[in-house]
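Listed below are the residues making up each chain.
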Amino acid sequence: MSALDSLNGVAFTAFGQHVIWSDMIGNTIGLAALALGWRRSIWTWPAQFLSGVILVAAYSSAHLSGGVGKQLLVIGVALWGWRQWQRGRQQAQDGSIAVRFAGWRERGLLLGGTALGTLAVGTLFTLIPQLSWNPWPDAYIFVGTLAAMVAQARGLVEFWCAWLLVDLVGVPLAFSSGLAFSGLVYVVYLALVVWGMRDWWLRSRAAGRTVLEGAAA
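The structure presented is a predicted model; accordingly, all values stated were derived computationally and were not measured.

Conventions used here
Residues numbered from 1 in each chain as written. Predicted model: local features only at pLDDT ≥ 70, side-chain atom pairs only at ≥ 80, totals over all residues. Heavy atoms only, no water. 1 Å grid on protein atoms, 1.4 Å probe; cavity = no way out; pocket = protein on both sides within 12 Å on 5 of 7 lines; lining within 4 Å. Points joined across faces, edges and corners; volume = space filled by probe spheres on them. Helix = DSSP H or I, 4+ residues; strand = E, 2+ residues; numbered from the N terminus. Nonpolar A, V, L, I, M, F, W, Y, C, P; charged D, E, K, R; others polar. Core = buried A, V, L, I, M, F, W, Y, C linked by side-chain atoms within 4.5 Å. Buried < 20%, exposed > 50% of the residue type's maximum accessible area, 1.4 Å probe, protein only. Contact = heavy atoms within 4.5 Å. Polar contact = N/O pair within 3.5 Å; in protein donor to acceptor, adjacent residues only side chain to side chain.

Draft legend 1. Spatial organisation of empty space enclosed by the protein. Counted according to the given criterion, the structure contains two cavities of 30 Å³ or more. Considered as a void within the structure, the largest cavity measures approximately 280 Å³ in volume. Residue lining of the largest cavity: 22 residues in total, with Gly30, Gln48, Ser51, Trp163 and Tyr189 positioned closest to the centre. At the level of secondary structure, the elements contributing two or more residues to the lining of the largest cavity comprise helix 2 (21-38), helix 3 (44-61), helix 4 (65-87), helix 6 (135-153), helix 7 (159-176) and helix 8 (180-216). Of the residues that constitute the lining of the largest cavity, the class distribution is ten nonpolar, ten polar and two charged.

Draft legend 2. Spatial organisation of the nonpolar core. With 40 residues, the main nonpolar core has Leu34, Trp45, Met149, Trp160, Trp163 and Trp200 as its most contacted residues. The element best represented in this core is helix 7, accounting for eight residues. Those residues in contact with Leu34 that lie beyond four places of it in its chain are Trp160, Trp163, Tyr189, Leu192 and Val193. In terms of nonpolar packing, the next biggest core, distinct from the first, is built from five residues, Val121, Phe125, Ala139 and Val143 among them.

Draft legend 3. Representation of the side chain of Thr145. As for its placement among the helices and strands, Thr145 is situated in helix 6. What makes Thr145 buried here is its relative accessible area of 0%. Apart from residues no more than four positions distant in its own chain, Thr145 is found in contact with Lys70, Val74, Trp163 and Val166.

Draft legend 4. Summary view of the environment of Trp85. Tracing the chain through its elements places Trp85 in helix 4. Each C-alpha atom, one on Trp85 and one on Arg154, is 7.9 Å from the other, the two residues being 69 residues apart in sequence. If we ignore the near neighbours within four places in the chain, the residues touching Trp85 are Arg40, Ser41, Ile42, Thr44, Trp45, Ile97, Gln152, Ala153, Gly155 and Trp200. For Trp85, the side chain forms a polar contact with the main-chain oxygen of Gln152, separated by 3.0 Å.

So this is what it looks like as structure tokens:
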């Protein structure tokens, strides 16, 4: 038995759903990556990279080409995000990465890019059915994940909003695709996203007040 076969073997069965090793391990590491992102630790990026590598196997076993593409994207963006945060460490607060709200132009670019990207990828998945059996949700998650990771790499509070919107589609899609552990993890993601959003929001406001007080002095 190959390592890939072992990763895609059944770890356990719960409520009539088979949970495979790659789905369980990859998403557990993904949870750790999100928690590290909440703490503004640069180690969130290696964790996201490793999670993406393992989840490629999980989505391949479920024949979700869009999911595989998403994880390949996660791998690539994780490397870029790690480099971005390394460069930005001199701007850190209490030894971690500095965070801020996006400007209106940045928000417009994120929203416009996400909408156009989803339209393009969804059209591609529709024209080539072999790429995805559920083209529009897959496209939405694929592009939404990219938008969230780009926003995170730039230290934008809005990245949490992007993850929240991705999760709202990811939970039902994961369960319907037989990736039960992914579905359960997405539910936990929702709680972490809400807490992380609150923490980054408060920190960005505190940083803004510090800047204003310094300018006044």
